[in-house]
Amino acid sequence: MPIVHLLPHPELCPRGLDIEIKTGKSLCEGLLKAGVAIEHACEMVCACATCHVHVRKGSASLTETDDEENDQLDNAWGLDAQSRLACCVKLGTTNITIELPRHTRNHAWEH
């Protein structure tokens, strides 16, 4: 099972975290199951960008982005070349390192 190394985030995961998520499973669901309160305003149907993450290492083993994810990523705060939506990422066979953005855009509220 691949390990997801989560870099420290001041609010959601101050010490960072290593979790195992089964190959083919959703990154967002795995983070939530591990107790990381990542936002997912659309309930993980790729209709918002609140579950935006940066995949810092291991992206080659992940599922490719599709047009729907790319369209939603345009709404993400702090977008970069390593940006993905955690609800769309299905784990591959190798370990990955992710970073959660400091902020997220949510139509109900921003933080």
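Further up the page is the structure itself.
Residues numbered from 1 in each chain as written. Predicted model: local features only at pLDDT ≥ 70, side-chain atom pairs only at ≥ 80, totals over all residues. Heavy atoms only, no water.

Draft legend 1. Molecular detail of the sheet that holds strand β3 (residues 52-57). As summarised here, the arrangement of the 5 strands in space is β2-β1-β5-β3-β4, forming an open sheet in which the pairing is mixed. Of all strands in the sheet, those bounded by a partner on one side alone are β2 (17-20) and β4 (83-85). Taken pair by pair, the neighbouring strands of this sheet meet at an average axis angle of 35 degrees, ignoring direction. Sheet analysis places strand β1 (residues 3-6) next to strand β5 (residues 96-99), joined by 3 bridges and oriented parallel. When the sheet's bridge partners are listed, valine 4 is paired in β5 with isoleucine 96. (Pairing = 2+ DSSP bridges. Helix = DSSP H or I, 4+ residues; strand = E, 2+ residues; numbered from the N terminus. Axes fitted to C-alpha atoms, helices over the stretch in contact; angles between N-to-C directions.)

Draft legend 2. The pairing of β1, seen in detail. Burial of β1 is one-sided: the residues Val4 and Leu6 facing one way are buried, the residues Ile3 and His5 facing the other way are not. Pairing between β1 and β2: 4 bridges, direction antiparallel. Bridge pairing links histidine 5 to aspartate 18 in β2. (Buried < 20%, exposed > 50% of the residue type's maximum accessible area, 1.4 Å probe, protein only.)

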